[in-house]
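Given next are the chains, with one letter for each unit.
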Amino acid sequence: MGLKLFGWRKSKRSSPEALPPKRLLMPFSNTADDREALRFAYEMAQVFDAQLTVLCLVETPRSIGLQACPPERVQEGELAAAAAREIAEELGVSEPQIVVRPTHHCGYAIVNAAEEFQTDLLFITARYRNGRARPALDDTVEVVLRKARCQVWLYGAPQEAD
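To start, this report covers the structure provided alongside it. These numbers were taken from a predicted model, which means no experiment stands behind them.

**A look at the packing of aromatic side chains**
And then number 1: Here the structure, examined in full by the defined rule, presents four aromatic pairs.
And then number 2: With 5.9 Å between their ring centres and 80° between their planes, F40 and F123 make a pair best called edge-to-face. Residue F40 is located in helix 1 (residues 32-48), and its partner F123 is located in strand 5 (residues 121-125); the two are separated by 83 residues in the primary sequence.
And then number 3: Assessed through its relative accessible area of 26%, F40 is described here as partly exposed.
And then number 4: Between F123 and W153, the ring centres sit 5.6 Å apart and the planes meet at 75°, which makes this aromatic pair edge-to-face. Pair noted here: F123 is in strand 5 and W153 is in strand 6 (residues 151-156), with a separation of 30 residues, a long-range link.
And then number 5: We classify F123 as buried; its relative accessible area is 1%.
And then number 6: Three or more aromatic residues joined by ring pairs make a cluster, and in this case those are F40, F123, W153 and Y155.

Structure representation (structure tokens):
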């Protein structure tokens, strides 16, 4: 796994020394890469004595209101939250903050949650679009990188050459 930090022109601090992050956010969908990144995020939160919020999003079609999200979709989010709790217990995190939310677009929901939780540092797992000559990030990651007002760490495995 590799880490890439994005956040040029996003720092509002005038001092040359950046303060350690105190509020971290990580969207989590229970993939193998997400589980590895979540372990790293929990460990970083412990090192910096920071609060980590894990965001489990349930994407629903725009034709369905968020309050009317189908129960089976909400259950998928709850399963991801349970996996995040297991990782927290494994690492000795006593009270993890895990939020499950329905949304119409994950990218915008992540950006809004970063604002809501006053996030200093956002972790997101790199996901790529298929069927392209060159790897391209999916639209969720692109929206987060373009719109988030905080620092963003892109966590992902290097693409293998064909």
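**Thoughts on the environment of D138**
And then number 1: Take D138: it is sitting in the loop between strand 5 and helix 4 (139-147).
And then number 2: C-alpha separation for the pair D138 and A126, spaced twelve residues apart in sequence, amounts to 8.1 Å.

**Description of helix 1**
And then number 1: Across its 17 residues, helix 1 extends 25 Å between first and last C-alpha, which sits within 8% of the 24 Å expected from 1.5 Å per residue.
And then number 2: Along helix 1, the residues classified as buried are D34, A37, L38, A41, Y42, M44 and A45. For helix 1, the arc enclosing every buried residue in end-on projection is 165°, short of the 170-degree limit, so these residues lie on one face.
And then number 3: Residues of helix 1 that are buried sit in contact with strand 2 (23-27), strand 3 (51-59), helix 2 (71-90), strand 4 (97-103), strand 5 and strand 6.
And then number 4: Looking one or two places after helix 1, you find D49, whose phi comes out positive at around 55°.

What counts and what doesn't
- Residues numbered from 1 in each chain as written.
- Predicted model: local features only at pLDDT ≥ 70, side-chain atom pairs only at ≥ 80, totals over all residues.
- Heavy atoms only, no water.
- Phe/Tyr/Trp six-rings, centres within 6.5 Å; stacked < 30°, edge-to-face > 60°.
- Helix = DSSP H or I, 4+ residues; strand = E, 2+ residues; numbered from the N terminus.
- Buried < 20%, exposed > 50% of the residue type's maximum accessible area, 1.4 Å probe, protein only.
- Expected span 1.5 Å × (residues − 1).
- Arc of directions from axis to C-beta.
- Contact = heavy atoms within 4.5 Å.

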